[in-house]
Every structure is written in structure tokens, then in C-alpha cells.
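The residues making up each chain are set out below.
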Amino acid sequence: MAHPLVRAAINRRVTGDPNVWPLHALRRHAARAVSIGSGTGAFERSLVDLGLADDVTGIDISAPILDVARREAAERGMTIDYVAADAREHLRERPATFDAVFFHASLHHFDRLDDLLDVVGKALRPGGFLWYDEYVGPSRDEWSARKLIAPNLAYFRLPLRMRRPKIVRAPINVEDPTEAIASSEIVPATERHFRIDERHDYGGNILSIVFPNLRQPREGGPPQEEFDAHVARLVEWDERAMRRDGTWSTVIVATISSR
């Protein structure tokens, strides 16, 4: 996502403008917001920078990483409450507390999604909303050779010196058993508990699998101009794959339908 052509494609697919990031296009304000899986805190600082929330809490299970988040916020003069806690329990203990619950590339680390989203719904105040920017493609136990045909066909169409491994393999992180543990169930579970007000799909079917396997110019790959030309082709193939097979990444804004 750091490559300018990829970032521009994602922005365009979500917001309609290659220069406007997904969060920047959010047209809602929350007096009190909680961000789940905050890590080093960049997302929460963006919420404050953009004026999207007045009172921001960041939740993460890792206490050491939150020390980094607190330091970064303090250096920028921001007051953000970072809490090391289990997200379910933190939300369960605070019914009707928040105007917004955010997940930025963290929801795909959760299992028992119906239980989680029920807890999220109960933690929201009337009129509150759920926002997430997530990988919603195959879960870690759903990969098959068939799902890897399209990414490998795209990979083999690239110059040999641009390819690092011989083939593209399933993106299963063996060191993190929570990675994509129930990712394919995220949208269906959302639909069972919320009304989806906005959905902006941005693919990733080809790019998210192929790009990490590419040999960059600094690693002996093609010169930057040639490398970028091939990335532009991947962006085009990714869009075709999304239209054909459905999306592996999406931005969703949802509210409780019964309220």
C-alpha cells in the first residue's frame, strides 16, 4: 500500500479521488470514539488530526506497543487514552458509551465475530456507527490451489528479474495464528448485526498476494520506471479480479438497524 500507484488506486476505489484517503472521506463526527487494535497509534492520531472525534480511546492487547503510541501522541501534544486490554471485555463493560467504534486492519484478527459485533453494537450510543477498513478475503484455513491460480498467472506475466520466489503461495502467517482467522466472515457477520450504510470495495485480490513477492529496484529488480509500469499493470489486473470474484478488501460504515 506504500507504493504511490497502489495507494492512488485504493483511494480512487474508495473515495473516488486518488489523493483522498479512505478515512479522510468519512463524513461523520464522533464525540467519543474507540479504536480497536491501535498498535503504535497512527490511526488514532489521524482521527484527532482530521477532527473526526473529540475523545479518542485506543485499545490494544500489547502494553509495550502502547508505550510507543503514548509517546508519539505526547510529542504531538495530543490527548489520547491508550488502554492495554482485551477489546471484548473493555467494550462489554461500557454499554452505550461510544459514538463510534473503529477497526483499522485489526478486525481480521478476531474470531467469534457474531459475539464481537454484538458487543460492539451494545457499546454504541443510539446513532453511533461502526467503521472499518479491512481484509475480508479468504480466511487462513480456506486457501486452496484454485484461489492461487489468478495471482500466480499475474505473477508469471511479470519479468523474471522482478520475481523473488518461484511461485506465489497462500499468505498464511504461521507466526501469528490470529491473522485472517475468520476474515471471510466479517461482512456476513456485519450484515447480521448492523445496517451497512456505506461500502467501498477496493480489491487486493491480486495486489495483496503478488506485490509482497516482488523484487524491488533497490533489491536488484527492474529500474524504477519499468517497475512502476508493471505495478500499473497489476493495479489493472487487480481491478478486473475484484469485479470478477468479489473484493478481498473493503471500507464499511454501519449502524445498528434496530435503533
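What counts and how
Residues numbered from 1 in each chain as written. Predicted model: local features only at pLDDT ≥ 70, side-chain atom pairs only at ≥ 80, totals over all residues. Heavy atoms only, no water. Phe/Tyr/Trp six-rings, centres within 6.5 Å; stacked < 30°, edge-to-face > 60°. Lys NZ or Arg CZ within 6 Å of the ring centre and 35° of its normal. Pairing = 2+ DSSP bridges. Helix = DSSP H or I, 4+ residues; strand = E, 2+ residues; numbered from the N terminus. Axes fitted to C-alpha atoms, helices over the stretch in contact; angles between N-to-C directions. Contact = heavy atoms within 4.5 Å. Core = buried A, V, L, I, M, F, W, Y, C linked by side-chain atoms within 4.5 Å. Buried < 20%, exposed > 50% of the residue type's maximum accessible area, 1.4 Å probe, protein only. Right-handed = clockwise from strand over helix to strand, strands pointing away. Salt bridge = Lys/Arg side-chain N within 4 Å of Asp/Glu carboxyl O. Parallel < 35°, antiparallel > 145°, perpendicular 65-115°, else oblique. Left-handed = near helix turned anticlockwise from the far one by under 90°. Nonpolar A, V, L, I, M, F, W, Y, C, P; charged D, E, K, R; others polar.

Student: Explain the packing of aromatic side chains here, please?
Tutor: In the structure shown here, the tally under the stated rule is eight aromatic pairs. In this structure an aromatic cluster arises from ring pairing among F43, F102, F129 and W131. The aromatic ring of W21 is capped on one face by R7, whose charged end is 4.1 Å from the ring centroid.

Student: Just to check I follow, could you spell out the sheet that holds strand β4 (residues 98–104) for this structure?
Tutor: Strands in a sheet are paired, the pairing made by backbone hydrogen bonds, and the direction either parallel or antiparallel. Strand order across the open sheet formed by seven strands is β3-β2-β1-β4-β5-β7-β6, with mixed pairing between neighbours. Pairing within the sheet leaves two strands with one partner each, and these edge strands are β3 (81–84) and β6 (195–201). Ignoring which end each strand starts from, the neighbouring axes of this sheet average 15° apart. Across four bridges, the pairing between strand β1 (residues 30–36) and β4 is parallel. In the sheet register, I36 faces β4, and the bridge partner there is F103. In this fold helix α2 (residues 42–49) packs onto β1, β2 (53–60), β3, β4 and β5 (124–135), with an angle of close to 175° to the strand it touches most, β2.

Student: Just to check I follow, could you spell out unusual backbone geometry for this structure?
Tutor: Peptide bonds are mostly trans, and most non-glycine residues show a negative phi. A positive phi is found at A105, a non-glycine position, where the angle reads about 55°. Within the fold, A105 resides in the loop between β4 and α5 (113–123).

Student: Got a minute to help me understand the nonpolar core in this structure?
Tutor: Nonpolar side chains tend to gather and get buried jointly when the protein is soluble and globular. Formed by 48 residues in total, the largest nonpolar core has its most connected members in F102, W131, L214 and L234. A per-element tally of this core places helix α9 (residues 224–245) first, with six residues. Leave out the neighbours within four places in its chain, and L214 touches Y155, L158, M162, R164, E219, F227 and L234. In terms of nonpolar packing, the next biggest core, distinct from the first, is built from 28 residues, V34, F110, Y132 and I256 among them.

Student: Help me understand the environment of A241 in this model?
Tutor: Residue position: A241 is located in helix α9. Residue classification places A241 among the buried positions, given a relative accessible area of 1%. For the pair formed by A241 and T57, sequence separation is 184 residues and the distance between their alpha carbons is 37 Å. If near-sequence neighbours (up to four positions away) are discounted, A241 is found in contact with N205, I206 and G246.

Student: Help me out: how do you make sense of the pairing of β4 in this one?
Tutor: For a regular strand, side-chain orientation follows a simple rule: the groups alternate between the two sheet faces. The element β4 is extensively covered by neighbouring structure, given that six of its seven residues are classed as buried. The handedness of the β4 to β5 crossover, carried by α5, is right-handed.

Student: Which parts of the structure should I look at to understand the pattern of salt bridges?
Tutor: Close approach of charged atoms lets side chains of opposite charge pair. Across all of its chains, the model carries 23 salt bridges by this definition. E236 is the salt-bridge partner of R240, the closest N and O atoms lying 2.4 Å from each other. Of this pair, R240 and E236 are both found in helix α9, four residues apart, which corresponds to roughly one turn of the helix. Through salt bridges that share partners, R88, E89, R92, D111, R112 and D115 make up one connected network.

Student: Sorry if this is basic, but what is going on with the pairing of β5 here?
Tutor: Of all the twelve residues making up β5, nine are buried; the element is thus mostly covered by neighbouring parts of the structure. Note that β5 and strand β7 (residues 249–255) share six bridges and pair antiparallel. Bridging from a neighbouring strand, L130 pairs with A254 of β7.

Student: Looking at this structure, how should I read the packing of helix α1 (residues 4–15) against α9?
Tutor: Helix-helix packing: each pair is described by the crossing angle between the helix axes and the interaxial distance. Here α1 crosses α9 at 30°, and the two axes come no closer than 9 Å. In terms of orientation, α1 lies roughly parallel with respect to α9. The two elements α1 and α9 meet at a crossing, and its hand is right-handed. Within the contact between the two elements, α1 uses L5, V6, A9, R12 and R13 and α9 uses D228, V231, A232, V235, D238, E239 and M242. A per-class count over the contact of α1 with α9 returns seven nonpolar, no polar and five charged.

Coordinates in, geometry out; function isn't part of it.
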